[in-house]
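Summary of structural features
Below are the chains, spelled out letter by letter.
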Amino acid sequence: MAPPGRLHNKILEMIAVIGLDESTTLLPTDPELLSEQLSGLNNVALAPQILAAVSGNIAIFPAMSQRPDPTYPPILRRTVSTSESFNQKRSQSVVLPKRKNTRMNGVMVGDVDGIAVLRRTITRRYSCRQVDFVKDSEAETVVKPLELPLNIETLMSLTTLCFPDECFVSVSNCTDTLRYLVLTDIVGTRTYAVSLCCYIRRHIYRDSNGFWRCGESLSSPNTGSRFDDKQIVFVPQCYVFISRSPYFTVMKDCLSRLVQKLKGSHDEWQQLLKEFALQLSMTPIPPPGCVYTQFQLYDVVMTIPAPCGQGRLPVDFNLGIVFQCLDSQTVLLIMTAIMTQQRLLFLSSSYVVLTLVIESFVHFLFPFHWNLTCVPLLPLSLLELVEAPGTFIMGCHIRHRHLVEDIEGLVTINLDNGTAIPCATIDLPLLPVNAVKIFKASIRRTIFPVETWRLEKLSTFGYEETRLAELKERNKLNAELSSIFLEFMVNLFRNLLMHISPEKRFFHREQFLEAVGDYDRPFYELFFTTDLFAAFLKERLDKKQDLWTERILRNKPLSRNSIVGTTTCSYERPWVRTGLCRNAFSLGNLMSDALDINVSGADAETVVTFKLPNFLYGLSHLYLDNCYQEVSLAVSGCDPLSDRHSTYLYLRGMFSAARNKKLSALEDFCSLATVSHKLFPIEFVLDILSSMSEKERQEFESSELFYKSAILREVQAINSTRSLHDDKPIVMELNKIPEKDIDLQWFVELLEMLQICSDAGTAERLFHSLTLGRADVVDPLTFEEFYKCWKDNEVQVHQTIQHLDPLDCVLKTSKLIKCCFGTGHILLTQNRLLYMEEGFIKIRPIVDFVDVKSIEKVQQRTFFREQWGIKIQRLDKREKSFQVSFREETHKWYLLIHEMWSGKILSEETKDPSVLHLAMQNVLIVDAYLHSGEAEISSHYRESIEMSPSLCYYMSKKTSKIKETNELLIKRLDPNAFESKRFAVESVLYTDGYRMKNPDRTDNIGSRIWCGMTNGKVRVFDMEAPFQEYHLFLARNKVKCMLLCPENEVWASSFDLTICIIENLPLVACNRIIQCHSEQIMDMVLSNDSRFVYAAAMNGKVMVWNVETKQKLNELDVIGDGNLRQILCHKDALWCCTHDKLLSVSFDGKVLGKMSFSDQCSSLSHLECFAITSQNEIWICFGGKSHVWICDLESLQRKTNFEVQGGGIGVIVCVQNKVWIGTKDGMLLLIDQESYATDVELIAHSDAICSAFVVDAVQQRVVTGSGCRDGKVAVWQWPLSGKK
């Protein structure tokens, strides 16, 4: 983090000057020439020196002085104390002894007859950041600690990179030249620089020791008339602008204007350099969005564009330069080489093109990050690095091609002729063909208006409109290209999230490879071994949300042809193993759909600029205060929901932190999270919190911000969780079965990682069966045999998949058998039995499970002997029963068929599709268990037949035969499907669908069921495709309430004190967080006009939020003693329910009426919920006892009371003339509002009903959610009025 007085998101890290001047000796780089008496310096390579290094904190001119400039930065108005510093460690002042040679920051400064000479040394830079401001009287002995942002090794490399073709003086003036540099330190941190080399007219002479030296600069042609022509030369000086962000165009513009200023007054170059560095070190880079920052440098207005997306580095040069040099096929070959981590060498006759093309490829690589060696500009003196082992991307001038063309193991890219030639020893895999087709089609539609000759020219000024137009066109093209490459990466790894388990830190590599085609597999197999993929996988396991994951969600298929081949767009696994499914979504399906290329970044028409105040060097200590005031005016003058408001909050927080106003900065960042959670600077906020002194921490913890800033506590939790994940290794495949005994916990984890099952109950039953109930561990040989049998069955059934109907998923294929159809094989699928004749690719249906009446084992007499067989009786008595004998496998097949039939029937009766998939899972487990029991090494050898019925869960499972339940139930959904632990559904919501139209296609988005879980997740199901599931991770605690607000926004409140706002159409995960509550939020309701949201906390406070602006309007303290449970908005009052009272409160907080139940609560337990009916009655329910009190709405007097069946009441809702009451034993009671009689009793769930939601009269549906033992959602149809 930047020290006090310095900006964190500044554009300039430091500026350096490399070259020669009057303070340096002109020393040849060749040591042998030092002793010779050179007659001149023509064509003699000289050693450039560091003439200046200036950051926002320190100015060093090492060739002229031993110490940093004591007058820089200008005198501040106060002394910065240790407690105000952002560093935890106190740095020590440096006392320099007065001696001939002094080592400063790794730079040896010595004297040659009083003239400083810079020599290279290898030492570390000072790591301290605090500045000790000292008095002028102490300046001779005490100086500030060195605070250069670059270490000495990187700084010294500038002397070579700025002069890649050696440093020479010239007898004639030379054209100013630009170099774009990328600097990487030892830990991989990358900085970016632009070097502008100009030539200064000077005279040269020999000193008394015979060394050549520079004299004063001759700024005009007439000033050197007293010198001999041979003594007048042009000496090079490079000005290097260094930044943490690759704003190459902005850096070039600023350097161009600085050099113009210097040429007019070169004698003042040190002062101009300090003014330049100080201003730009206080100039902020905007966050991603639609606001560009603008500042005036001398007489020119400069603009810093915002990055094109969260998580991506900014790009302000034209990315189209890549396609000016290379065609799309060559670009794809280079992308393949980069992604497979080959050794790449770029060649070009232009150093500028080298850097920009390489940086473009690094940008196109997103969401992958190139953290390996990257040297876009390799000077001649370092050309031997090309022979170094390892992975790298390097670039050198094409004139050196003859030196590198014979090096083994290189992919050589010639940017001049547009070719890329891999070495003969490199075998590059081919990219997946469908992703390549989409990419090429998108590139063909793109226009590239790039003029490469402009890149090497200095910036010109005076044509402001032209420059803004060029900026607009460049940003438009860059956004389109960035989007095309992002879509390319999405298409390459679209199904990756299906095969990872963040909780287990596991990636099922083998399963992913099985799902891709044979043609595409070599690329993925090689790519999965790279460091690029390892870093990317770690981010996915950490559940990182970036542009890639957003695009995955946006382009997620909107419908499915089969429930078997469905996938989930989440960090969860698919319903059924991919190897068993034909219809798993793949890139082949993409070609039939015209995907939208959604241009990222701000629309050029909506871009606004924030103009920074004018900078005055003498008043620089007031500059940050002025910036803070300007951005505060901008915050108050724009729409609180606009993107501009988010940007202004971000900038104001950064200015506050630079002014050392930490609480003010934290307050702005917390406000930012409520508007745009993506812009919240997590790492920077963590730095602020960790840098607080004890006094500041106490002040912070006692402030109101601390109690209301749940986002800060979330940040700390994320940081601790991340450190735990860093210590946990990532498992990509299980090549070897564990060699030690496997206990139950490890056994469950192994089954989940191997995707055998993730249901805890099923895993425990299998564990008990493998150990025969006699041991606490499974021996590794038994587990290995079981897993081997599981895989063998998968391979066997895979051979028949291509001949099946898409709706069928083969679970088991029999050996050769004889039946009434002939000799062939029986195929068991999830829906029916099939017959495949031996020797023919022909499938005949035997019977659908829904048409089966009974399945039993019978004795069959053959010509040779009696044997057991299976008889399947159909419901239709006119059709014959089907009999078949599987010989020694008859018992196994009886269990498999019976379990699958039972699961299918139960799934149909309960309208719960997840039951079908669990039954399929059980069939596969029973088959592997019985097969492995035939091996002598298994612990269940010869006892598997007796233990196997315990694995057939649905054979003994009976359904309710209540007619009303089956009639009113539409379907069930299981948000806990394939979870190792089940969670309660705390809240449910129903949202309507819509039709999305574009020029290429029309898609129907179905109505959605939203499930808020106790683990903080929100699961969203499409009612038209119930297996299309979205998984939104919201909070660290239960999601208690969800509310549909205008503009298709869903407000979800959590017990972590936050309200998350999710866009429903299209579905976008939490992009805003509201957090002002200091207690858990129990309930939320909309006002009658849908303009306000009332959020009730447990402590009795109700906050009023404006739905449009998301701003808090009021805070009502309705109940002083807390325990607020439910609120309801009815007519002109807000009704509030606590554990022992019910209140009617006006919208301004005044209590209108009150009912106390303190006496009744002693015998009837606490109040649980209430509802107001159309009969002007209040129905009040008690939680511990199933008692209902009915009171008059006007007089608040009790009219009657009665008791219902059940062990307590959980929820109550009103539907037309019925009241629906959900009990804690899973019953759903429909009670008439007039007669108070129970009309219908529904067996809704196997656990308490925790939540309910009433859909509008058009949909005529009610949605209920249950406790963790059931953990399911049921959708019910309203009965007609008067129907019983």
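Residues numbered from 1 in each chain as written. Predicted model: local features only at pLDDT ≥ 70, side-chain atom pairs only at ≥ 80, totals over all residues. Heavy atoms only, no water.

Observations concerning the overall build of the chain
Put simply, the rule reads: Under the scheme used here, helices are H or I runs from DSSP no shorter than 4 residues and strands are E runs no shorter than 2 residues, and both carry numbers assigned from the N terminus. In this description, contact between two residues means that some pair of their heavy atoms is separated by no more than 4.5 Å. Values of accessible area rely on a 1.4 Å probe in the Shrake-Rupley scheme; residue burial ignores everything except the protein chains shown.
A count of helical and extended segments in the chain gives 28 helices and 62 strands. The long-range fraction of contacts in the chain, counting pairs at least 24 apart against all pairs at least 6 apart in sequence, stands at 61%. Surface summary for the chain: the accessible area is close to 52900 Å², and the carbon and sulfur share equals 49%.

Quick look at the sheet that holds strand β61 (residues 1261-1266)
Rules: Whether two strands pair comes down to DSSP finding at least two bridges between them. What counts as an axis is a line fitted to C-alpha atoms, over the stretch in contact for a helix, and the angles between N-to-C directions run from 0 to 180 degrees.
Spatially, the four strands line up as an open sheet ordered β33-β62-β61-β60, and their pairing is antiparallel. Of all strands in the sheet, those with a lone pairing partner are β33 (969-973) and β60 (1249-1254), marking the two edges. Averaged over all neighbouring strand pairs, the angle between strand axes comes to 20°, with direction disregarded. Looking at chain direction, β60 and β61 are connected through five bridges and run antiparallel. Across the sheet, the residue bridging to A1252 is T1264, located in β61.

So, the environment of A515
Mapped onto the elements of the fold, A515 is located in helix α10 (residues 509-515). Separated by 20 residues in sequence, A515 and N495 have C-alpha atoms that sit 8.9 Å apart.

Focus: the side chain of S170
What counts here: Think of it in three bands: with a 1.4 Å probe and only protein chains considered, a residue is buried below 20% of the maximum accessible area for its type, exposed above 50%, and partly exposed in between.
Residue placement: S170 occurs in the loop between α1 (152-161) and β9 (177-184). Look at S170 and you get buried, because its relative accessible area is 14%. Ignoring any residue separated from it by four or fewer positions in sequence, one finds S170 in contact with V233 and F234.

Quick look at the sheet that holds strand β59 (residues 1238-1243)
Strand order in the open sheet formed by four strands is β56-β57-β58-β59, with antiparallel pairing between adjacent strands. Each end of this open sheet is capped by a strand with a single partner; those strands are β56 (1209-1215) and β59. Looking at each pair of strands side by side, their axes are set apart by 20° on average, direction ignored. Pairing of strand β58 (residues 1227-1232) with β59 involves five bridges; the strand directions are antiparallel. In the sheet register, L1230 faces β59, and the bridge partner there is V1240.

Quick look at helix α5 (residues 328-339)
Quick reminder of the rule: Expected helix span is taken as 1.5 Å per residue step, with the number of steps being one fewer than the number of residues.
Given a rise of 1.5 Å per residue, 12 residues ought to cover 16 Å, and the 16 Å separating the end C-alpha atoms of α5 matches this to within 8%. Burial runs high along α5: nine of the 12 residues are buried. One or two positions beyond α5, positive phi appears at Q341, with a value near 60°.

A word on the packing of helix α23 (residues 780-798) against helix α25 (residues 913-932)
To keep things clear, this is the line we draw: Angular relationships are summarised with four words: roughly parallel below 35 degrees, roughly antiparallel beyond 145, roughly perpendicular across 65 to 115, and oblique for the angles in between. By definition, turning the near helix anticlockwise from the far helix through less than a right angle yields a left-handed crossing, and turning it clockwise yields a right-handed one. Note that Gly is not counted as nonpolar here; it falls among the polar residues with everything else outside the nonpolar set of Ala, Val, Leu, Ile, Met, Phe, Trp, Tyr, Cys and Pro and the charged set of Asp, Glu, Lys and Arg.
Relative orientation of the contacting elements α23 and α25 amounts to 120°, with a least axis distance of 8 Å. Taken together, the axes of α23 and α25 are oblique relative to one another. The two elements α23 and α25 cross, and the hand of that crossing is right-handed. In contact with E785, F786, C789, W790 and N793 of α23, α25 contributes L924, I925, D927, A928, Y929, H931 and S932. For the contact of α23 with α25, the per-class residue count stands at seven nonpolar, three polar and two charged.

Examining the pattern of salt bridges
Which entries qualify depends on this criterion: The rule for a salt bridge is simple: a side-chain nitrogen of Lys or Arg has to be within 4 Å of a carboxyl oxygen of Asp or Glu.
If you walk through the whole model with that rule in mind, you get 46 salt bridges. Notably, a salt bridge pairs R878 with D876, separated by 3.2 Å at the nearest N-O pair. Residue classification places D876 among the partly exposed positions, given a relative accessible area of 28%. Look at the salt bridges and you will find they share partners, linking K812, K815, E888, E889, K892 and D927 into a network.

Side note on the nonpolar core
The line we're drawing: Nonpolar cores are built from buried Ala, Val, Leu, Ile, Met, Phe, Trp, Tyr and Cys residues. Side-chain atoms within 4.5 Å join them into one set.
Ranked by internal contacts, the top residues of the largest apolar core, which has 192 residues, are L158, L273, F346, F361, M489 and F493. Broken down by element, this core gets its largest block of residues, 10 residues, from helix α6 (residues 351-364). Setting aside anything within four residues of it in sequence, one finds F493 in contact with M339, F368, F523, Y524, F527, W548 and I552. In terms of nonpolar packing, the next biggest core, distinct from the first, is built from 63 residues, Y835, V852, I870 and Y929 among them.

Focus: the pairing of β9
Most of β9 sits out of view: six of its eight residues are buried. When β9 meets strand β10 (residues 190-206), the two strands line up antiparallel, connected through eight bridges. Residue pairing across strands places V182 opposite Y192, the latter belonging to β10. Taking the residues between adjacent antiparallel strands as the criterion, β9 and β10 are bridged by five residues, where G188 takes a positive phi near 90°.

Quick notes on the side chain of T336
With respect to the helices and strands, T336 occurs in helix α5. Contact partners of T336, with chain neighbours within four places excluded, come to P429 and L431.

Re the environment of C214
Residue position: C214 is located in strand β11 (residues 212-217). The exposure class of C214 is buried, given its relative accessible area of 1%. The spatial distance from the C-alpha of C214 to the C-alpha of H203 is 6.1 Å, given a sequence separation of 11 residues. Leaving out residues up to four positions away in the same chain, C214 has contacts with D21, E22, T24, L26, R202, H203, I204, Y205 and V235.

Concerning the packing of helix α15 (residues 643-658) against helix α16 (residues 662-675)
It is at 8 Å that the axes of α15 and α16 come closest, and there the two elements cross at 160°. Considering their axes alone, α15 and α16 lie roughly antiparallel with respect to each other. In this structure, α15 crosses over α16, and the sense of that crossing is left-handed. Each of H645, S646, L649, Y650, R652, G653, M654, S656 and A657 in α15 lies in contact with α16, whose residues at this interface are S664, A665, D668, F669, S671, L672 and V675. Taken together, the residues of the contact of α15 with α16 break down into eight nonpolar, six polar and two charged.

Considerations on the packing of aromatic side chains
We apply this condition: Here is the rule: rings of Phe, Tyr and Trp (six-membered ring for Trp) pair when centre to centre is within 6.5 Å. Planes less than 30 degrees apart are stacked, more than 60 are edge-to-face, and the remainder are tilted. For a ring to carry a charge above it, either NZ of a lysine or CZ of an arginine must fall within 6 Å of the ring centroid while also lying within 35 degrees of the normal to the ring plane.
In this structure the tally under the stated criterion is 43 aromatic pairs. Taken together, the aromatic side chains of F368, F493, F507, F512, F523, Y524, F527, F528, F533, F536 and W548 make up a single cluster linked through ring pairs. When the ring centre of Y628 is taken as origin, the NZ or CZ atom of R659, which lies over that ring, is 4.4 Å away. Positioned above the aromatic ring of W868 is the side chain of K857, whose terminal nitrogen or guanidinium carbon lies 5.8 Å from the ring centre.

Observations regarding unusual backbone geometry
Put simply, Y72 and P73 share a cis peptide bond, and its omega is -10°. With respect to the element layout, P73 can be found in the loop between β3 (59-60) and β4 (94-95). Put simply, F366 and P367 share a cis peptide bond, and its omega is 15°. Phi at R942 is positive, roughly 70°, even though this residue is not glycine. Mapped onto the fold, R942 is located in the loop between α25 and α26 (944-947). With a relative accessible area of 68%, R942 lands in the exposed category. Although it is not a glycine, L1196 sits at a positive phi angle of roughly 60°. Looking at the secondary structure, you find L1196 in the loop between β54 (1187-1192) and β55 (1198-1203). Judged by its relative accessible area of 17%, L1196 falls in the buried class.

A word on helix α24 (residues 890-910)
With 21 residues, α24 ought to run about 30 Å at 1.5 Å a step, and its terminal C-alpha atoms sit 30 Å apart, in line with that. Burial within α24 is extensive, with 17 of its 21 residues counted as buried. K911 sits one or two residues past α24 and shows a positive phi near 55°.

Quick notes on the confidence of the model for the chain
What counts is decided by this rule: Confidence of the predictor at the level of single residues is captured by pLDDT, which takes values from 0 to 100.
Considering every residue of the chain, the mean pLDDT works out to 78; 79% of them sit at 70 or more. In the model, residues 557-605 has pLDDT below 50 throughout and makes 151 contacts with residues more than four positions away in sequence or in other chains. A low-confidence stretch, residues 996-1003 stays under pLDDT 50, and its non-local contacts, those more than four residues away or across chains, total 13 contacts.

Topic: the environment of E909
Position of E909 among the secondary structure elements: in helix α24. A residue is classified by how much of its surface remains accessible, and E909, at 26% relative accessible area, is partly exposed. Note: C-alpha distance between E909 and K971 (62 residues apart in sequence) is 9.7 Å.

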